[in-house]
Amino acid sequence: MRIGIDVGGTHTDAVILNGDEIVASIKALTSADVVGGITAALDTILADSGVQHSEIDTVMIGTTQFTNAIVERRELSSVAAIRIGLPSGRGMPPMVDWPEDLATALGRHTYQLHGGYLYDGFKLANLRDDEIEAAITDIAAKGIKDIAIASAFSPMNSAPEKDVGARIKAAIPDARITLSYNFGRLGLMERENAAILNTSLLSFADRVVSSFLEALAKRGLKCPVYISQNDGTLMSADFVRTYPALTFASGPTNSLRGACKLTGLQDAIVVDIGGTTSDIGVLQDGFPRESNVVVNIGGVRTNFRMPDILAIGLGGGSLVSTDGKTVGPQSVGHKLVTEGLVFGGKTLTTTDILVASGKAELGDKTAVADLGQDLVRTAQATIHRMLDQNIEMMKPGGKALPVILVGGGAVLVTDGLKAASKLYIPENAGVANAIGAAIAQIGGESERLVSYRDMTRDAAIAKVTAEATERAVNAGADRHTIRAVDIEETPIPYMDEASTRVRVKVIGDIATGSKLQKAAS
Amino acid sequence: MKINTHHLDDLALGSVFLATGGGGDPHIQQLITHQALKQYGPVDVIDPQSLPDDAYVVTVGCVGAPTVSLELLPSVDEAAQTLEAFEDHVGRTVDAVASFEIGGGNSMIPLVAAVGRGLPVIDGDGMGRALPEAQMMSYPIGGVRPTPAVAYDYAGNFATFSTDTTETYERHIRSFAMAAGGMVMTAEHPMTGRQLKDTVIPGTLSFTIELGRVIRENRGQADTLLEPLQEVFAPSIYGEVRQLFIGKVIDKATRIIGGYDIGEATIEAFDGEGPNLALNIKNEFLLAKLGGRVVASVPDLIVIVDYETSTPINAERLRYGHRVAVFAIGCPNFYRSEAALKVVAPRCFGFDIDYVPLEKLS
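Conventions used here
Residues numbered from 1 in each chain as written. Chains lettered and ligands numbered in written order. Predicted model: local features only at pLDDT ≥ 70, side-chain atom pairs only at ≥ 80, totals over all residues. Helix = DSSP H or I, 4+ residues; strand = E, 2+ residues; numbered from the N terminus. Rg over C-alpha atoms; globule rule 2.2 N^0.38 Å. Buried ≥ 20, exposed ≤ 12 C-beta atoms within 10 Å, placed from the backbone. Contact = placed C-beta atoms within 7 Å. Pairing = 2+ DSSP bridges. Axes fitted to C-alpha atoms, helices over the stretch in contact; angles between N-to-C directions. Expected span 1.5 Å × (residues − 1). Arc of directions from axis to C-beta. Nonpolar A, V, L, I, M, F, W, Y, C, P; charged D, E, K, R; others polar. Domains from an automatic or database assignment.

(A) Seen up close, the overall build of chain B. From N to C terminus, chain B includes 10 helices and 17 strands. Here the C-alpha radius of gyration of chain B, 19 Å, is about what a compact globule of 362 residues would show, namely 21 Å. The principal-axis extent of the C-alpha atoms belonging to chain B is close to 65 × 40 × 40 Å. Looking at the 362 residues of chain B, the share that counts as buried comes to 57%. Across chain B, every contact between residues at least 6 apart in sequence was considered, and the portion connecting residues at least 24 apart equals 74%.

(B) The sheet that holds strand E6 (residues 109-114) of chain A, seen in detail. Residue and element names in this part refer to chain A. Taken in spatial order, the four strands line up as E6-E5-E7-E8 in an open sheet, and their pairing is parallel. The open sheet has two edge strands, E6 and strand E8 (176-179), and neither has a second partner. Strand-to-strand twist in this sheet, taken as the mean axis angle between neighbours without regard to direction, amounts to 20 degrees. Of the pairings in the sheet, the one linking strand E7 (residues 146-151) to E8 comprises four bridges and is parallel in character. The partner of Asp146 across the bridge, within E8, is Arg176. Those strands touched by helix H4 (residues 129-142) are strand E5 (79-86), E6 and E7, and its axis lies near 165 degrees from that of E6. Helix H5 (residues 159-171) contacts E5, E7 and E8 of the sheet and is inclined by roughly 155 degrees relative to E7.

(C) Structural context of helix H1 (residues 34-49) of chain A. Residue and element names in this part refer to chain A. Helix length check: H1 (16 residues) gives 22 Å between terminal C-alpha atoms against 22 Å at 1.5 Å per residue, within 8%. Taken together, the buried positions of H1 are occupied by Ile38, Thr39, Ala41, Leu42, Ile45 and Leu46. When H1 is viewed along its axis, its buried side chains cluster within an angular range of 155 degrees and face the same direction. The exposed residues of H1 that point more than 90 degrees off its buried face are Gly36 and Ala47. If you follow the buried residues of H1, they end up packed against strand E1 (2-7), strand E2 (11-18), strand E3 (21-29), strand E4 (58-63) and helix H6 (188-218). A positive backbone phi angle near 75 degrees is found at Gly50, which sits one or two residues after H1.

(D) Molecular detail of the interface of chain A and chain B. Tallying the contact residues gives 29 residues for chain A and 37 residues for chain B. Grouping the constituent residues of the side of chain A that touches chain B by class yields 17 nonpolar, eight polar and four charged.

(E) View of the domain arrangement of chain B. All names here are of chain B. Domain assignment breaks chain B into domain 1 (2-202) and domain 2 (220-353). Looking at the side of domain 1 that touches domain 2, the elements with two or more residues in it are helix H1 (8-18), helix H5 (138-141) and strand E10 (201-202). Among the elements that make up the side of domain 1 that touches domain 2, the one with the highest residue count is H1 (three residues). Looking at side-chain class alone, the side of domain 1 that touches domain 2 contains 11 nonpolar, eight polar and one charged residues.

Dropping the structure here:
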């Protein structure tokens, strides 16, 4: 059996799955001490369900903890940021466009060295021993242990990053180093930023993972632990010690993946209706459609891929105007249970409209008995119209797609949705994110700029796929189950006609008895 | 007027709007400009009319593949060094620096060159928008020769050019750029103050900052953007603004032909009712047809913004499912002259239609 836990801003959800069957599920408030909150959720669900610790094979966790550390500027280490790319980029040091408070939190220790490659594999410049030595001496003198290294075109040739990393490791044996090529994708500054953010979290991640594994060990849980990534795949807990930044934005992804699992639908619109917002996302082949805008984490531009989510101000706590024509975006949020009319409060919310319509039994329905029929009907029409219009905008093409409703506010939809070819409100819709965490697989991704003149298209795709596969295996996937889920080819304007950026994403099942699992258990 | 670091967000936003889908993301150009203005102070912007007829002006900018500059970053001193190499080559000093193209990142590189050499920058450019080929600039259309010119790479290597026509110059410089890592800075199309006054699209630098401010202050759903846009464009050299369409992209297919990103996009109304809007792309959005009827064409401007945020979207990033609003803006009168239409009319891009100015289309 598997346990999936999703730690959100307000709620921590947990589920136990036996194969495809949901054995138990709980919803608890998120605690300030996240590890304490996760273990409490774990204890409750095991006690409630009567499932024995020994029956649990794996634990999967989705957490916003590392994103929050960046956003709130806490638990971050000093980082030495090394860029290899001179003589290009003089006067444009690493972190040049960062918010001042975040750069200060990391110390703004930046180094620029000669080296790197050009788009066609020609050397941009040679590495220089004296520069490398000077940087190492300075880093050692400052006592910095966390180091990020990025070099020009490293997704195509990572040798300069590896060389400099090895030199640092030899001089500072306890250094923790992030090489940017592991974050794939072209765009030096964004890739470098991802590497620096990751590096600033290494020490924190180490502590979180250790304390968590300890807490599990104390409970006699000997199973491996996995953490969700932003693309809906998993990494082993030990991998998080090296790549904590890959957990950014895993929440919406897990909700979409959970909706996919609960309905078996591979292509659908998913609407997650909470207390304040409805998050609309799109499932394509069982995975979230990705947003194509630059992703900003805590004010820093990064190259992380995030799901394409349209958030609208409509939830179970949204305020309703006295004529029923305006709903949201203001919401009483989690105070619904004291401020809503049916709960003895004074604020007219969407939940009160629902109760007044007679479609749900909640709180004290006499409190809404005086609401006019017109108001109730108008407000219901407004709610449905808001959802219909926004779902329509997320639909790819004129394609008729089913809609899956998840989240606590899903009950607001009482009259079907015109925008949906078919409407699904699965059982256990409230804990879709935890289910999404529990079912995730392991992925890997790679990207290269290739010329189809030098290499055939098939050979180029095979080469990039092989690199992505190696990454997935390293992250804990079973090599024999790996398949490519996304192949993207982007021709490059103003260059040789055959120049193309090829990106491949693969996924596979969790390897059983793998090195990583043994290490974790 | 002086341009300072606090103008750059608006300049970048306005320049992406005027890039009409081309030009790439100017983030890196904005950063380098920010660093240069921080280091050297604000840059003086001068009205082209204030230049003496015998002044000597040169255009400075980046040439190459924008995708490459995502890895091969420019240096703060590179633009001024390009200018110095040019002055050495021609054996005289330059009085002011001008922009090739206000649409996209090359709206800002002249500021970096000018401030690094203590020179003013011209309030104006050679396109008033973005266009895919150098011979479509107002300077060569008005008879300015492309050379003598200098192209300067990331390591300080440079090449000098002497060619007859801008078309030949463009071919040569692109080969050099490819050999030099994919991106170079150039100083080219040198001209006298008189030639500049006759050929420049005037006022576009200060206008782009103003346009950026208007878009920034009207962020949010694009259905409220038309009126503020009309207010800012109406008294300018552009004039007419129309909202052509609101909907979502249901098809987009482009491929690289001869180094250009060429293809089409189709946009459907949110409710699926009525005819679709079809767009033709060659790096920029060039032709818009509603149910087969032309509703805007090059050299008039066609601009796509994100429906939710009103952020302009470039053609490379436009994709299936994108929710957008499409606007058309009349081009400056220079581009409606016979000489200009010889190189920028729809037929020059392979569309078999005559150019009809936006305000004459129904």
